[in-house]
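Descriptive structure summary
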Amino acid sequence: MGESAEFVVQIFDAGSDSRVRIKSLFNYMQCSADLHSKSLGTSLTSMSEQNFTWVYSRFYAAVYDYPKIYDKIYCKTWRSRMIGNFVCRDFAINNDKDDIIVKATSSLALIDRTSRKPVAIPEPVKTQLDYSNEINLEFPAEAADKIDKYDYIYYTKAKYDDIDINGHMNNASYADIFFESIYERLKGSAILTSIDIFFKGEINYGDDLECQVTSLNGSEYLFYHRLFNRTKERFSAYAVTNWKSIS
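Given the structure is predicted, the values throughout are model-derived calculations rather than measurements.

The strand order across the open sheet formed by ten strands is β1-β3-β4-β5-β2-β7-β10-β9-β8-β6, and the pairing between neighbours is antiparallel. Every other strand in the sheet has two partners, leaving β1 (3–8) and β6 (152–157) as the edge strands with one partner each. Taken pair by pair, the neighbouring strands of this sheet meet at an average axis angle of 25 degrees, ignoring direction. Direction of pairing for strand β9 (residues 222–229) relative to strand β10 (residues 234–245): antiparallel, over a ladder of eight bridges. Paired with Leu222 across the bridge in β10 is Asn242. Its contacts with the sheet place helix α1 (residues 22–40) against β1, β2 (52–63), β3 (72–83), β4 (86–95), β5 (100–112) and β7 (190–199), and it is angled at close to 60 degrees to β3.

Following this line, the structure appears as structure tokens:
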């Protein structure tokens, strides 16, 4: 069960340190997931014919090592379980020495494309879902979403490049915003080791966004981020990122 895809880190996937970007890692996982879903007839394009689409509810990734430009990597994905009406999908990225360098787990909901609301997964769709029962990574305990004091705010805007075939911001772009919101303060001194994203609402092209950031428990490497959509006047996501010193 599952799908394994091979990638080579290209020049446009890497940053100034020659390491792969976090957004590229999310894109690799997204590509592998789409290939797997397509083989089962449950991809975004297949589901759109039934007026449904898949959206992420949560995505947690732990990065143990970053591949560099021209490195060959292998991304495996599979559906691990169902929790209520959420389908869990896990990922493992290995380098060419077969070392696991990234582990991730996620949960997805089925959405009615007209109402934009979650729906119960129909039985015909359930029969197309396969599960391996292999749980690659457990979600960490959920962070409190009631922090009302922030160290600073990072401002940005949803660009055309952020929008996917569902017409809203892609999950990889959420990860990129959370990364950018703290990178300027840590650049050259720390590297991202994990990111836990909770998706709360759609973001569309042109939406004005502000990412509120604060350190957790007085740590200099653990941060809480809350993404507020100023255009829609609502919170669209929050995340916890963990970093480690590289100095």
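This brings us to the nonpolar core. Counting 57 residues, the largest nonpolar core has Leu25, Phe26, Met29, Phe59, Phe178 and Leu227 as the members making the most contacts within it. The leading source of residues in this core is helix α4 (residues 171–186), at eight residues. Beyond its immediate stretch of four places on either side in the chain, Leu25 contacts Val20, Val63, Tyr66, Ile93 and Val102. Grouped together as the second largest cluster of nonpolar side chains are six residues, Tyr150, Phe198, Leu216 and Tyr224 included.

Our next topic: the side chain of Thr193. Tracing the chain through its elements places Thr193 in strand β7. Ignoring any residue separated from it by four or fewer positions in sequence, one finds Thr193 in contact with Ala61, Ala62, Val63, Asn242, Trp243 and Lys244.

In this section: unusual backbone geometry. Backbone geometry at Tyr70 places phi at a positive 75 degrees, although glycine is not the residue there. Note that Tyr70 resides in the loop between β2 and β3. The exposed category is assigned to Tyr70, whose relative accessible area is 58%. Even without being glycine, Asn217 reaches a positive phi, approximately 55 degrees. Note on placement: Asn217 falls in the loop between β8 (208–215) and β9. On the accessibility criterion, Asn217 (76% relative accessible area) is exposed.

In this model, the largest pocket occupies a volume close to 920 Å³. Counting only elements with at least two residues in the lining of the largest pocket, the list comes to α1, α2 (44–48), β2, β4, β5 and α4. If you tally residues by element for the lining of the largest pocket, the top one is α1, at six residues. A class-by-class count of the residues in the lining of the largest pocket yields 16 nonpolar, eleven polar and ten charged. Every residue lining the second largest pocket is counted, 20 residues in all, and those nearest its centre are Gly15, Asp17, Arg21, Phe179 and Tyr183. If you list the elements that add at least two residues to the lining of the second largest pocket, you get α1, α4 and β7. By residue number, the principal contributor to the lining of the second largest pocket is α4, which donates four residues.

The rules behind these values
- Every residue gets a number counted from 1 within its own chain, in the order that chain's sequence is written.
- It should be noted that, the model being predicted, local features are given only for residues of pLDDT at least 70 and side-chain atom pairs only at 80 or more, the latter also being counted only at that level, while totals for whole chains, interfaces and linings use all residues.
- Processing note: side-chain calculations cover all non-hydrogen atoms of the structure and skip hydrogens and water entirely.
- By definition, two strands form a pair when at least two bridges between them are found by DSSP.
- Secondary structure elements are defined from DSSP: runs of H or I of at least 4 residues count as helices, runs of E of at least 2 residues count as strands, and each element is numbered from the N terminus.
- Lines fitted to C-alpha atoms define the axes, with helix axes restricted to the stretch in contact, and inter-axis angles between N-to-C directions lie between 0 and 180 degrees.
- Throughout, a residue-residue contact means that at least one pair of heavy atoms, one from each residue, lies within 4.5 Å.
- Definition of nonpolar core: a set of buried residues of the types Ala, Val, Leu, Ile, Met, Phe, Trp, Tyr and Cys, connected through side-chain atoms within 4.5 Å.
- A 1.4 Å probe rolled over the protein chains alone gives each residue an accessible area, and that area as a share of the maximum for its type sets the label: buried under 20%, exposed over 50%, partly exposed in between.
- The way it works is a 1 Å grid over only the protein atoms, where trapped points that fit a 1.4 Å probe form a cavity and open points with protein on both sides within 12 Å along at least five of seven lines form a pocket, and then any residue with an atom within 4 Å of a point lines it.
- Grid points are joined across faces, edges and corners, and a volume is the space filled by probe spheres set on the points.
- Following the grouping adopted for this structure description, the nonpolar residues are Ala, Val, Leu, Ile, Met, Phe, Trp, Tyr, Cys and Pro, the charged ones are Asp, Glu, Lys and Arg, and the polar ones are all others, Gly among them.

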